[in-house]
Amino acid sequence: MDHELIAEGLDHLERAASGNEVTPYHAEAAIAAVHAVAPDQASIDWPHIVRLYDDLLALKPSPVVELNRAIALAMVEGPAAGIAAIERIEADPVLSRYYLLPAALGGLWLKQGDLTRAAPHYREALTRSCSAPERRFLEKQLATCGGTGLERQT
């Protein structure tokens, strides 16, 4: 972790946020800053991130932002809360080919301990466009569920 660069970025964010106008870029930068200042995953201030996603949604409503908020919510309230939040938006046409929607559901079901419900979501994510490293990650997650990705989705 490069503390000097993080400090420089936080300084830029503070200067950019000193005006009267708050834009989606401010909220996005604030979310990134909360991640950047945490020394490790366990130290991330997830309740603050949920509030920042609420701010971002007020400025720029988007199903992708709602999906990201659902993941942050799951980090605060548990996988079931994240699953419920995602299920409310999963029919949005903007998300119909977005591999992170089923990947997120797979991950949350996996955290919930339900491999049977996680696997089909990972299989669905693998049918959608993503990069080679993302595909390898999804295949590993599916293997964790006991699937190879070659079975037919039911």
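Look up: the structure comes first, before these words.
Summary of the structure given here. Just so we're clear, the structure is a prediction, and the values are computed from it rather than from any experiment.

The rules behind the values
The numbers attached to residues start from 1 for each chain and follow its sequence in the written order. This being a predicted model, a pLDDT of at least 70 is required before a residue's local features are given, and a value of 80 or more before pairs of side-chain atoms are given or counted; all residues contribute to the totals for chains, interfaces and linings. The side-chain values count all of the structure's non-hydrogen atoms but skip hydrogen atoms and water molecules. For helices the rule is a DSSP run of H or I covering at least 4 residues; for strands it is a run of E covering at least 2, with both sets numbered from the N terminus onward. Exposure is judged per residue with a 1.4 Å probe applied to protein chains only, and the accessible area is read against the type maximum: over 50% gives exposed, under 20% gives buried, and values in between give partly exposed. Note on contacts: a residue pair is in contact if any heavy atoms of the two residues lie within 4.5 Å. Simply put, an axis is a line fit to the C-alpha atoms, just over the touching stretch for a helix, and the angle between two N-to-C directions goes from 0 to 180 degrees. Between 65 and 115 degrees an angle is taken as roughly perpendicular, under 35 as roughly parallel, over 145 as roughly antiparallel, and anywhere else as oblique. Should the near helix be turned counterclockwise from the far one by less than a right angle, the crossing is left-handed, whereas a clockwise turn marks it as right-handed. Amino acids outside the nonpolar list (Ala, Val, Leu, Ile, Met, Phe, Trp, Tyr, Cys, Pro) and the charged list (Asp, Glu, Lys, Arg) are all regarded as polar, and Gly is one of them. Criterion for a salt bridge: a side-chain nitrogen of Lys or Arg within 4 Å of a carboxyl oxygen of Asp or Glu. For a helix, the expected span equals 1.5 Å multiplied by the number of residues minus one. The reported arc concerns the directions from the helix axis to the C-beta atoms and nothing else.

1. Description of the overall build of the chain
Consideration 1: Looking only at helices and strands, the chain features eight helices and zero strands.
Consideration 2: Counted from the first residue to the last, the chain has its helices and strands arranged as α-α-α-α-α-α-α-α.
Consideration 3: Per-residue burial over the chain gives 36% buried out of 154 residues.
Consideration 4: Long-range pairs, those at least 24 residues apart, make up 46% of the contacts in the chain with a sequence separation of at least 6.

2. Some points on the packing of helix α3 (residues 46-59) against helix α4 (residues 63-77)
Consideration 1: Across the interface, α3 lies against α4 with an axial gap of 8 Å and an inter-helix angle of 160°. Taken together, the axes of α3 and α4 lie roughly antiparallel to each other. Every pair of crossing elements has a handedness; the one defined by α3 and α4 is left-handed. Facing α3, whose interface residues are Trp46, Pro47, Ile49, Val50, Tyr53, Asp54, Leu56 and Leu57, α4 presents Val65, Glu66, Asn68, Arg69, Ala72, Leu73, Met75 and Val76.
Consideration 2: Residues belonging to the contact of α3 with α4 are distributed by class as follows: 12 nonpolar, one polar and three charged.

3. Observations regarding helix α5 (residues 79-89)
Consideration 1: Regarding α5, the residues found buried are Pro79, Ala81, Gly82, Ile83, Ala85, Ile86 and Ile89.
Consideration 2: Check the buried side of α5 and you find it contacts α4 and α6 (100-112).

4. Looking at the pattern of salt bridges
Consideration 1: Under the counting rule described, the total for this entry stands at three salt bridges.
Consideration 2: Among the salt bridges present, the one from Glu28 reaches Lys60, with a minimum N-O distance of 3.2 Å. Remark: Lys60 occurs in the loop between α3 and α4 and Glu28 occurs in helix α2 (residues 24-37); sequence separation between them is 32 residues.
Consideration 3: A relative accessible area of 31% means that Glu28 is categorised as partly exposed.
Consideration 4: Residue Lys60 is classed as partly exposed on the basis of its relative accessible area of 35%.
Consideration 5: One salt bridge connects Asp54 with Arg69, and the closest N-O pair in it is separated by 2.4 Å. With Asp54 in helix α3 and Arg69 in helix α4, this residue pair connects regions lying 15 residues apart in the sequence.

5. Overview of the side chain of Gln141
Consideration 1: Tracing the chain through its elements places Gln141 in helix α8 (residues 132-144).
Consideration 2: The buried category is assigned to Gln141, whose relative accessible area is 17%.
Consideration 3: Not counting residues within four places of it along the chain, the set of residues in contact with Gln141 comprises Leu110 and Tyr122.

6. A word on α3
Consideration 1: With 14 residues, α3 should cover 20 Å at 1.5 Å per step; its first-to-last C-alpha distance of 20 Å lies within 8% of that length.
Consideration 2: Within α3, the full set of buried residues consists of Trp46, Ile49, Val50, Leu52, Tyr53, Leu56 and Leu57. For α3, the arc enclosing every buried residue in end-on projection is 165°, short of the 170-degree limit, so these residues lie on one face.
Consideration 3: Taken together, the buried residues of α3 touch α2 and α4.

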